[in-house]
Amino acid sequence: MKRSLAFLTLSVAAFLLLAPVLVALLGATQPSEVIARGSMAWLPGGETARNLGEALTQGAGTAPVWRLLLNSAVMAAGIAAGKIVLSLLSAFALVYFRVRGRGIAFALIFLTLLLPVEVRIVPTYDVVVKMGLSDSMGGLILPLLASATGTLLLRQFMRDLPRELVDAARIDGAGPLAFFWHILLPLSRTSVAALGVVLFVYGWNQYLWPLLIVTRAELDTVIVAVVKMIGTGEAMSDWGAIMAAAILALLPPVIVVLALQRLFVRGLISAEK
Amino acid sequence: MSREAAAREPFGEAVLPWLLLAPQLAVTGIFFLWPAAWAFWQSFHISDAFGTSLIFVGLENYVLLAEDPLYRDAVVRSFVFASLVAGFALGVGVGLALLVENGARRKRVWQALLTWPYALAPATAGVLWLFLLHPSVGLIGTALVRADTGWDWRINGTQAFLLVVGIAAWKQVAYNFIFAFAALLALPRSLIEAAEMDGAGKARIAWSIQLPLIAPTLFFLIVVNLVYAFFDSFGLIHALTRGGPANATETLVYRAFVDGHVNHDLGRSAAQSVVLLVVVAALTLLQFRAMGRRP
C-alpha cells in the first residue's frame, strides 16, 4: 500500500476518533441558549470562562464539578492503591511460601476473574447496604477490590525473578518481611506503576456501581454526574456548562494514558493477558 | 524438581503467608463469594407478599425467565449487539494497527492518536455523541432533521440500536488497536524482510504472515470484545437510550439492572445474575484457551 494512502486513512480514523471531543470543546465555548435553540455555530464562541466557571462552582443540577472531580480522584486512587497493596501481599505469599492450602487460596482469588462487577452488582448491592456502607467512599471502593488481575500480574512478575535474589537475601540473614521490603518492593516498582495506571483509569471510569451505591449528590463521581446533568436530554439543559463538565471528566484518565503511554501499554497487556 | 521448588518457595513460616493473604481473601469473601452465593440461593426463591420471608420455588424463576418474550428478545439482542460491536471494533482496530506498522512514519504519534479513547468511559462516549447527534441540539443531529431524514433515535428503535452499536464499537477500536499493534511489533523483523525479498507486497505480507502469526491475540481480542459489549456497554446505554425506545436497546445487563433496582424483583434478578454468570464463565474459559495457545 502506498504511504500516502496509509497516511490519508490514518488521518481520517484519527479525526473520527477525535471529532466528538472537538465538538464538545466547541460547545463549551458557546452560550447555552444558542445551543439549546439548535443553532450552534461551527466556530468557537466567547462563553468558555462562564461555562467552565458555572460547571466548576455550581454544577448543573448536581454537585459542583470540582467536588465531583475530587470524588472520582479519591475513588480511582483508592481502587488503584488498594488493589496494588492487596495484590503485592497476596502475590508475595503465593510465590515465596511453602504453605498448606495455598492451592485453595489461589483458586478462591482466581475465581473472581470469572465475574465482572456488572454481573454480581445486584447481590453485592444488598451486601454493601447491609454492612451500612452505602453512600460512603468505602462502599464505592471496597467491592471493586475483589479482583484477581493484579495478583496474577505480580505473581507472574515475582516468579520470573531470578532465584539467586532470595538465596542471597537468606544467606545475609534476611527474613521474609525484610526481603519483601528491601528487595522485592524496589524491584516491583515498574510493574506496580504500570498496574497503577491501568487501575486508575479503570476506577475513574466506573459507572454502574457508583450509580447504584451513591444517593447523595455530593458523593457522585464525575462520570455518573455528567450523565445526570443531561437527564432526559431536553433542550433546556445548560449545554455549555455540561460540555465543559464532560471535557473535565474525560481529561484526567486521557492525560494519564497519554503521558505514561509506554508504561500504560505494558501494564494493560500484562494485566489482561 | 524438589530443589527448584525449595528455591522458589524459600520461606517456611506457617502463619505469616496467611496474614499476607488475609486482606485479599477477606475482600474476595465478603464482596464476591458471599454475594454470588446469595444470588444463587435467591434465584430459587421468591419474596412473600409482605417481603419479609423467602419461599422456595425451585426453578420457577428460571422457567419464568425462559418463558418471558421480553427476556428472550433481550438474549437475542445482546448476542447480535455483541457480535456486531466485536466484529466492527476488531476489524477496524486490527486494520489500523497494520496500517501504522506497515505504512506509516512517526509510529508513536499515530499510536497516541489511536490509543487515547481507551481512557474514555463508555458513558462519557455516550454523552459526547449525544451532543453531536441530538435531533434538536446537535450539530449533525439538527442537520439530519433539516434534511428530512426522520432522524430521532428517541422514537426510532432501529436508529437507537444502530447508534448504540456504532458508539460502543467506536470506543473499543482503541483497545483492539493497542493489543494488535503490540502483537505486530513483537513479530521478528526477519520474517517480514524475508518475505519482502521474495517480492511479496505489503497486503500479501499482512494477510499471509502477520495476521496468522498474531492469531492468538486476535482470538483473545474476540473474547474480550464480547465481554466488553455485554457488560461495559451499560454506561453507554444508560446515558443514551435507557434501554429504549420500547426496549430496542435493552441488553441482558440492562434488564438485570431494571429488574433488580427499578422493579425490586429479587428472585427474578438473581436468576438473571446466575444466567449472566454462566455467560461470563463460558467466555472466560474460552479466553483461558486463548491464553494457553498464546506463544
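Bear in mind that the values here come from a model prediction, so they are computed numbers and not experimental data.

Colleague: Help me get a handle on the UniProt feature "transmembrane region" (unreviewed entry) in chain B, residues and values and all.
Modeller: Residues and elements named next belong to chain B. The feature "transmembrane region" (unreviewed entry), as given by UniProt, occupies residues 20-41, 78-100, 112-132, 160-187, 207-231 and 270-288 in the numbering adopted here. The straight-line gap between the two end C-alpha atoms of residues 20-41 is 31 Å; of that span, 100% is helix and 0% is strand. Counted over residues 270-288, helix gives 100% and strand 0%. Its end C-alpha atoms are 26 Å apart.

Colleague: Would you mind going over the side chain of B:Lys171 in detail, with residue names and values included?
Modeller: Residue and element names in this part refer to chain B. Inspection of the secondary structure assignment puts Lys-171 in helix H8 (residues 157-185). Buried and without a salt bridge, Lys-171 has Asp-232 as its closest oppositely charged side chain, separated by 7.6 Å. Among the polar contacts listed, one links the side chain of Lys-171 to the backbone oxygen of Tyr-118, at a separation of 3.1 Å. Polar contacts involving the side chain of Lys-171 include one to the main-chain carbonyl oxygen of Leu-120, which spans 2.9 Å.

Colleague: Would you mind going over the nonpolar core in detail, with residue names and values included?
Modeller: Ranked by internal contacts, the top residues of the largest apolar core, which has 159 residues, are A:Val65, A:Val222, A:Trp239, A:Phe264, B:Leu114 and B:Tyr118. In terms of residue count, H8(B) provides more of this core than any other element does, 19 residues in total. Taken domain by domain, the makeup of this core includes at least three residues from each of domain 1 (2-42) and domain 2 (63-293) of chain B. The contacts of B:Tyr118, once residues within four sequence positions are left out, are A:Val198, A:Val201, A:Val257, A:Phe264, A:Leu268, B:Lys171, B:Ala174, B:Tyr175 and B:Ile178. Grouped together as the second largest cluster of nonpolar side chains are 33 residues, A:Ala91, A:Ala93, A:Ala169 and A:Leu195 included.

Colleague: Mind laying out the domain arrangement of chain B, listing which residues take part and the relevant values?
Modeller: Here chain B is described as being made up of domain 1 (2-42) and domain 2 (63-293). Computed over C-alpha atoms, the centres of domain 1 of chain B and domain 2 of chain B are 34 Å apart.

Colleague: Explain the UniProt feature "transmembrane region" (unreviewed entry) in chain A to me, using residue names and the numbers behind them.
Modeller: Residues and elements named next belong to chain A. Under the present numbering, the feature "transmembrane region" (unreviewed entry) in UniProt falls on residues 73-97, 104-125, 137-158, 179-201 and 239-260. Its end C-alpha atoms 36 Å apart, residues 73-97 is made of 96% helix and 0% strand. The distance separating the terminal C-alpha atoms of residues 239-260 is 32 Å; by composition the span is 95% helix and 0% strand.

Colleague: Quick rundown of the interface of chain A and chain B? Include the residues and the values.
Modeller: Between chain A and chain B, the contact holds 107 residues from the first and 95 residues from the second. Across the interface of chain A and chain B, roughly 9400 Å² is buried in total on both sides, 75% from carbon and sulfur atoms. At the junction of chain A with chain B, the criterion picks out zero salt bridges. On inspection of chain A and its partner chain B, the count reaches nine residue pairs in polar contact (both at pLDDT 80 or more). With 17 residues, helix H1 (residues 3-27) of chain A is the single largest residue contributor to the side of chain A that touches chain B. The residue inventory of the side of chain A that touches chain B, partitioned by class, reads 76 nonpolar, 16 polar and 15 charged.

Colleague: I'd like a description of unusual backbone geometry, backed by residues and values.
Modeller: Between B:Gly244 and the following residue, B:Pro245, the backbone shows a cis peptide bond with an omega angle of -5°. Along the chain, the position of B:Pro245 falls in the loop between helix H12 (234-240) and helix H13 (252-262). With phi around 60°, A:Asp135 is a residue other than glycine that occupies positive phi space. Among the structural elements, A:Asp135 can be located in the loop between helix H6 (121-130) and helix H7 (137-141). Phi is positive for B:Ala246, close to 50°, though the residue is something other than glycine.

Colleague: So what's going on with the pattern of salt bridges? Which residues, and what values?
Modeller: Taken as a whole, this structure holds 12 salt bridges over all chains when the rule is applied. Across the pair A:Arg163 and A:Asp167 runs a salt bridge whose closest N-O atoms are separated by 3.7 Å. With a closest N to O distance of 3.0 Å, B:Arg268 and B:Asp259 form a salt bridge. For the pair B:Arg268 and B:Asp259, a shared accessibility class is recorded, and that class is buried. One network of salt bridges, in which partners are shared, links B:Asp68, B:Glu250, B:Arg255, B:Asp259 and B:Arg268.

Colleague: Now, about helix H15 (residues 261-272) of chain A: what can you tell me, with residues and values included?
Modeller: The terminal C-alpha atoms of H15(A) lie 16 Å apart, and with 12 residues this matches the ideal 16 Å at 1.5 Å per residue to within 8%. Buried residues belonging to H15(A) abut helix H8 (149-160), helix H11 (189-204) and helix H14 (239-259) of chain A together with helix H5 (107-115) and H8 of chain B.

Colleague: Quick one: what's the story with the UniProt feature "domain: ABC transmembrane type-1" (unreviewed entry) in chain B, residue by residue and with numbers?
Modeller: Under the UniProt annotation, the feature "domain: ABC transmembrane type-1" (unreviewed entry) is placed at residues 75-287 of chain B. Split by type, residues 75-287 of chain B is 78% helix and 0% strand. Its first and last C-alpha atoms lie 21 Å apart.

Colleague: Could you give me a rundown of the environment of A:Asn51, with the residues and numbers involved?
Modeller: All names here are of chain A. Looking at the element boundaries, Asn-51 is found in helix H3 (residues 48-58). In this structure Asn-51 comes out as buried when scored by relative accessible area, which is 0%. As for Asn-51 and Val-23, which are separated by 28 residues in sequence, their C-alpha atoms are 15 Å apart. Setting aside anything within four residues of it in sequence, one finds Asn-51 in contact with Gly-27, Ala-28, Thr-29, Gln-30, Ser-32, Gly-240, Ala-241 and Ala-244. Within the structure, the side chain of Asn-51 is placed 3.0 Å from the backbone oxygen of Gln-30, a separation counted as a polar contact.

Colleague: Summarise the packing of aromatic side chains; cite the residues concerned and give the values.
Modeller: According to the stated counting rule, one finds 26 aromatic pairs over all chains in the structure shown. Measuring from ring centre to ring centre gives 5.8 Å for A:Phe200 and A:Trp204, while their planes differ by 35°; the resulting arrangement is tilted. Note that A:Phe200 and A:Trp204 are positioned in helix H11 at a spacing of four residues, about one turn of the helix. Note on accessibility: A:Phe200 and A:Trp204 belong to one class, buried. Relative to B:Tyr118, the ring of A:Phe264 has its centre 5.0 Å away and its plane inclined at 50°; by these criteria the two rings are tilted.

Rules and cut-offs
All residue numbers here refer to positions counted from 1 along the written sequence of the relevant chain. For this description, chains carry letters from A and ligands carry numbers from 1, given in the order in which they are written. With pLDDT at 70 or above as the cut-off, local features in this predicted model cover only qualifying residues; side-chain atom pairs require 80 or more to be listed or tallied, and sums for whole chains, interfaces and linings still use all residues. The side-chain quantities take in all heavy atoms of the structure and omit both hydrogens and water. UniProt positions are given in the numbering used here, feature names are shortened, and annotations may be inferred rather than shown by experiment. By the criteria applied, helices consist of DSSP H or I runs no shorter than four residues and strands consist of E runs no shorter than two, each listed in order from the N terminus. Buried means the residue's accessible area, taken with a 1.4 Å probe over protein chains only, is under 20% of the maximum for its type, while exposed means over 50%, and partly exposed covers the values in between. For this count, His and the chain ends are skipped, Lys and Arg are scored as positive, and Asp and Glu as negative. Salt bridges are defined as contacts in which a side-chain nitrogen from Lys or Arg sits within 4 Å of a carboxyl oxygen from Asp or Glu. We define a polar contact as two N or O atoms separated by no more than 3.5 Å, with the added condition that, inside protein, one atom must be a possible hydrogen donor and the other a possible acceptor, whereas residues neighbouring each other in sequence contribute only through side-chain atom pairs. Each nonpolar core is a collection of buried residues, namely Ala, Val, Leu, Ile, Met, Phe, Trp, Tyr and Cys, held together in the definition by side-chain atoms within 4.5 Å. The domain limits used here are those given by an automatic or database domain assignment. In what follows, a contact means two residues having at least one pair of non-hydrogen atoms within 4.5 Å. Summed over both partners, the accessible area (1.4 Å probe) lost when two parts come together is defined as the buried area. Residue polarity is assigned by list, with Asp, Glu, Lys and Arg as charged and Ala, Val, Leu, Ile, Met, Phe, Trp, Tyr, Cys and Pro as nonpolar; anything else, Gly included, falls into the polar class. Helix span, expected: 1.5 Å multiplied by one less than the number of residues in the helix. Any two of the Phe, Tyr and Trp rings considered here, Trp counted by its six-membered ring, make a pair once their centres fall within 6.5 Å; the pair's planes then place it as stacked at under 30 degrees, edge-to-face at over 60, or tilted in between.

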